[in-house]
Amino acid sequence: MNNGLMMTTAEQFLFWIIGPIIVLGASALLFSKRAVLTACSVMVTMVGLAFLYVGLGSPFLGIVQVVVYTGAIMMLFVFVLMLVGVDVSDSFIETIRGQRWAGVLLGLGLLVVLSGAVFRSTFTFAIGTDAASNGNNAGAVAHLLFSDFAFTLEITGCLLIIAAMGAVILTHRVRLTRPITQGEMMEIRTKRGMRLTPPPAPGNYARHNAADVPAIDARGKIIEDSVPSALRMRGQVHNLRGLPQDLLEDKVPPTRRPDAAAPAIEAGTAGSSDSAGPRDTGGPPEPGDTAGPEVKP
Amino acid sequence: MTVSAYLILASVLFTIGTVTVMVRRNSIIVFMGVELMLNAANLAFLAFARMWGNVDGQLAAFFVMVVAAAEVVVGLAIIVSLFRTRRTVSVDDENLLRH
């Protein structure tokens, strides 16, 4: 694999295939507006680098690269992206005048300096790590790690523990108020006449079980309370046929205006408490009853 | 050709990471740029390890990876706590230490 003198044809092939992919994936850092897209592209870069590591005679580090970088670090990035909101897109408006061009120029200067240093240096022919690895790359790394670098390894372990503790401390939130217990919550609900049971699940049999389709009660009325309130506020409640804003158009505002959100909740709770009440279970539906639109299958 | 090709690739990656840090303002993307710079250094380490025919360079890259993992944990925790207090991840708005 590593003949040591020159790149073999196979390695050149690998390099010239993987290298552009790596650079393309990395360039998403500069050009992509969506942070999630950037994270995915950087993942491609990391996997490509793992291929190159294996080609460079260190299969152990190639595997570690995939496990640590692609599996742990980039996953953590995506996790935090989901936490802070996927829709956060970077604005390309410059706050400091000319900062972008200055950054690009400085970067090009750095590239010129680095590649100039590489081109002006003379390198010995690569010896290759086959002899040093002795057929067992992970074993060779482990031997060195636990002999010459054992103290470094221990300090690195301390660093990892401190980092984990630091993350816990940094993201810890001190509770300023006493948490409401379950009993107190039920007391509040009883006093205010709120619903004591969990709300009915959204969706109805045989047609839709998606969360944006309201359930229907025994009289065939729509229970708006069954749809999550976030969907109700956004006006994303669908009717029973799965068509948006057909039956519930007078109930739910079509846009997510903040002033229009509050009546939607009130309408939803009023309609559901009416339809879910025990006095409604009997009796034929009155024509003038506006608690919920009737089902038209 | 052997080592210099890898070193040029590492230089390009390092430059992309640097420009990302200088230009972008989403702090998570800036952080990914830092990660890319560390990876470029790792690639150079491995290329040199192969050139000299020992595994010391691989060990250095291994430690870089460990430190990068620790750094990511702390950095992302800082980003999360900043986002919690300021509701933004833009590096332009993080001027809490200035006031």
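Residue indices follow the written sequence of each chain, beginning from 1 at its first position. Whichever chain is written first is A, and whichever ligand is written first is 1; the rest continue in order. Under the rules for a predicted model, residues below a pLDDT of 70 receive no local features and side-chain atom pairs below 80 are neither given nor counted, while totals for whole chains, interfaces and linings still include all residues. To obtain the side-chain values, all non-hydrogen atoms of the structure were included, while hydrogens and water were left out.

Enquirer: It is not clear to me how the overall build of chain B should be interpreted in this structure. Could you clarify?
Expert: Secondary structure is summarised from DSSP: a helix means a run of H or I of at least four residues, a strand means a run of E of at least two, and numbering begins at the N terminus for each. Along the backbone of chain B there are 3 helices and 0 strands. What you see in chain B, going N to C, is helices and strands ordered as α-α-α. Each residue's exposure class comes from its accessible area (1.4 Å probe, protein chains only) as a fraction of the maximum for that residue type: buried when under 20%, exposed when over 50%, partly exposed otherwise. Going through the 99 residues of chain B one by one, you find that 65% of them count as buried. Any two residues whose heavy atoms approach within 4.5 Å at even a single point are treated as in contact. Once local pairs closer than 6 in sequence are excluded, the contacts in chain B between residues at least 24 apart make up 50%. Every accessible area reported is derived by Shrake-Rupley at a probe size of 1.4 Å, with residue values counting cover from the shown protein chains alone. If you sum the accessible surface of chain B, you get close to 3,400 Å²; carbon and sulfur atoms cover 70% of it.

Enquirer: Honestly, the interface of chain B and chain A in this entry has me stumped. Any pointers?
Expert: Interfaces are often sized by the accessible area lost when the parts come together. Counting residues at the interface gives 69 residues for chain B, matched by 90 residues for chain A. What counts as buried area is the accessible surface, traced by a 1.4 Å probe, that two parts surrender upon association, with contributions from both included. Here chain B meets chain A over a buried area of about 7,100 Å², counting both sides, of which 77% is carbon and sulfur. Any carboxyl oxygen of Asp or Glu within 4 Å of a side-chain nitrogen of Lys or Arg constitutes a salt bridge here. Put simply, chain B and chain A have 1 salt bridge between them. In this structure, Glu11 of chain A and Arg50 of chain B form a salt bridge, with 2.8 Å as the shortest nitrogen-oxygen distance. At the level of elements, α1 (2-23), α2 (27-52) and α3 (56-86) of chain B are the ones that each hand at least two residues to the side of chain B that touches chain A. In terms of residues, the side of chain B that touches chain A owes the most to one element, α3 of chain B, which gives 23 residues. Note that Gly is not counted as nonpolar here; it falls among the polar residues with everything else outside the nonpolar set of Ala, Val, Leu, Ile, Met, Phe, Trp, Tyr, Cys and Pro and the charged set of Asp, Glu, Lys and Arg. Tallied by class, residues from the side of chain B that touches chain A come to 48 nonpolar, 14 polar and 7 charged.

Enquirer: Could you clarify how one ought to interpret the packing of helix α2 (residues 35-55) of chain A against helix α3 (residues 59-84) of chain A in this entry?
Expert: The geometry of a pair of packed helices is captured by two quantities: the angle between their axes and the separation between those axes. Residues and elements named next belong to chain A. Note on definitions: angles span 0 to 180 degrees between N-to-C directions of axes, and those axes are lines fitted to C-alpha atoms, for helices only across the stretch in contact. Viewed as axis vectors pointing N to C, α2 and α3 meet at an angle of 175°, and their least axial separation amounts to 8 Å. Here α2 lies roughly antiparallel to α3, going by the angle between them. Residues Ala35, Val36, Ala39, Val42, Met43, Met46, Val47, Leu49, Ala50, Tyr53 and Val54 of α2 lie in contact with α3, whose contacting residues are Pro59, Leu61, Gly62, Gln65, Val66, Tyr69, Thr70, Met74, Met75, Val78 and Leu81. Of the residues in the contact of α2 with α3, the class split is 19 nonpolar, 3 polar and no charged. Any angle that falls under 35 degrees is termed roughly parallel, while one over 145 is termed roughly antiparallel, one within 65 to 115 roughly perpendicular, and all others oblique.

Enquirer: Looking at this structure, I do not really get the nonpolar core. What am I missing?
Expert: By nonpolar core we mean a set of buried residues, namely Ala, Val, Leu, Ile, Met, Phe, Trp, Tyr and Cys, connected to one another through side-chain atoms within 4.5 Å. The biggest cluster of nonpolar side chains holds 65 residues, and the ones touching the most others in it are Leu52, Leu61, Met74 and Phe77 of chain A together with Ile28, Met32 and Leu43 of chain B. Taken together, the elements giving at least two residues each to this core come down to α1 (9-31), α2, α3 and α6 (137-145) of chain A together with α1, α2 and α3 of chain B. Looking at this core, the element that brings in the most residues is α3 of chain B, giving 12 residues. In terms of domain composition, this core takes at least three residues from each of domain 1 (1-91 + 106-129) and domain 2 (136-171) of chain A. For each domain, the first and last residues come from an automatic or database assignment.

Enquirer: So what exactly am I meant to see when it comes to the packing of aromatic side chains here?
Expert: Pairs were defined over the aromatic rings of Phe, Tyr and Trp, the Trp ring being its six-membered one, requiring ring centres within 6.5 Å. Orientation was assigned from the angle between planes: stacked under 30 degrees, edge-to-face over 60, tilted for the rest. Summed over the entire model, instances satisfying the criterion amount to 7 aromatic pairs over all chains. Each ring, one from Phe60 of chain A and one from Phe62 of chain B, has its centre 5.9 Å from the other, and the planes form 35°; the classification is tilted. Here Phe60 of chain A, found in helix α3, pairs with Phe62 of chain B, found in helix α3, and the two come from separate chains. An angle of 50° between the planes, with centres 6.3 Å apart, marks the rings of Phe149 of chain A and Phe63 of chain B as tilted. Linking Phe149 of chain A in the loop between α6 and α7 (150-170) with Phe63 of chain B in helix α3, this pair reaches from one chain into another. Judged by relative accessible area, Phe63 of chain B falls into the buried class, the value being 12%. Site record: aromatic cluster; members linked through ring pairs are Phe60 and Phe149 of chain A together with Phe62 and Phe63 of chain B.

Enquirer: Can you help me understand the packing of α1 of chain A against α2 of chain B in this one?
Expert: Remark: α1 of chain A packs on α2 of chain B, axes separated minimally by 10 Å, with the N-to-C direction vectors making an angle of 160°. Between α1 of chain A and α2 of chain B, the crossing angle belongs to the class labelled roughly antiparallel. Note that α1 of chain A runs across α2 of chain B; the crossing there is left-handed. Contacts from Glu11, Ala26 and Leu29 of chain A in α1 of chain A reach Ile29, Met32, Gly33, Leu36 and Arg50 of chain B in α2 of chain B. Classifying every residue of the contact of α1 of chain A with α2 of chain B gives 5 nonpolar, 1 polar and 2 charged. For any helix crossing, the convention is left-handed if the near helix is rotated counterclockwise from the far helix by under a right angle, and right-handed if that rotation is clockwise.

Enquirer: Teacher, can you tell me more about the environment of Val21 of chain B here?
Expert: All names here are of chain B. The topology assignment puts Val21 in helix α1. Note on Val21: relative accessible area 33%, which makes it partly exposed. In the structure, Val21 is positioned 10 residues away from Phe31 in sequence and 7.5 Å away in space, judged by C-alpha atoms. Setting aside residues up to four positions removed in sequence, Val21 forms contacts with Val30, Gly33, Val34 and Met37.

Enquirer: How should the confidence of the model for chain A be read in this particular structure?
Expert: Detailed reading of the predicted coordinates is not advisable wherever pLDDT is low. Residues and elements named next belong to chain A. Model confidence for chain A is summarised by a mean pLDDT of 77, while 73% of its residues fall at 70 or above. The predictor attaches a confidence to each residue, called pLDDT, with possible values from 0 through 100. Note that pLDDT drops below 50 for residues 1-5; the model gives that stretch 18 contacts with residues more than four away or on any other chain. Note on residues 243-297: pLDDT under 50 across the span, and 79 contacts to partners over four residues away in sequence or across chains.

Enquirer: I'm lost on a nonpolar patch on the surface in this one. Help?
Expert: All names here are of chain A. Side chains of Phe13, Ile17, Ile21 and Val44 sit close together on the surface and give an oily, nonpolar patch of about 390 Å² of accessible area. No other element matches the 3 residues that α1 contributes to the nonpolar patch. Take Ile21: it is sitting in helix α1. Accessibility expressed as a relative area gives 40% for Ile21, which makes it partly exposed. Only residues above 30% relative accessible area that lack a salt bridge enter a patch, with like-charged residues linked at up to 9 Å and the nonpolar side chains Val, Leu, Ile, Met, Phe, Trp and Tyr linked at up to 5 Å.

Enquirer: Would you explain the pattern of salt bridges in this entry?
Expert: Oppositely charged side chains are able to pair whenever their charged atoms sit close together. All names here are of chain A. Going through the model one piece at a time under the given rule, you end up with 3 salt bridges over all chains. Across the pair Glu187 and Lys191 runs a salt bridge, and its minimum N-O distance is 3.8 Å. One end of the pair, Glu187, and the other, Lys191, are both in helix α8 (residues 182-192), 4 residues apart, so they sit about a helical turn from each other. Note on Lys191: relative accessible area 69%, which makes it exposed.

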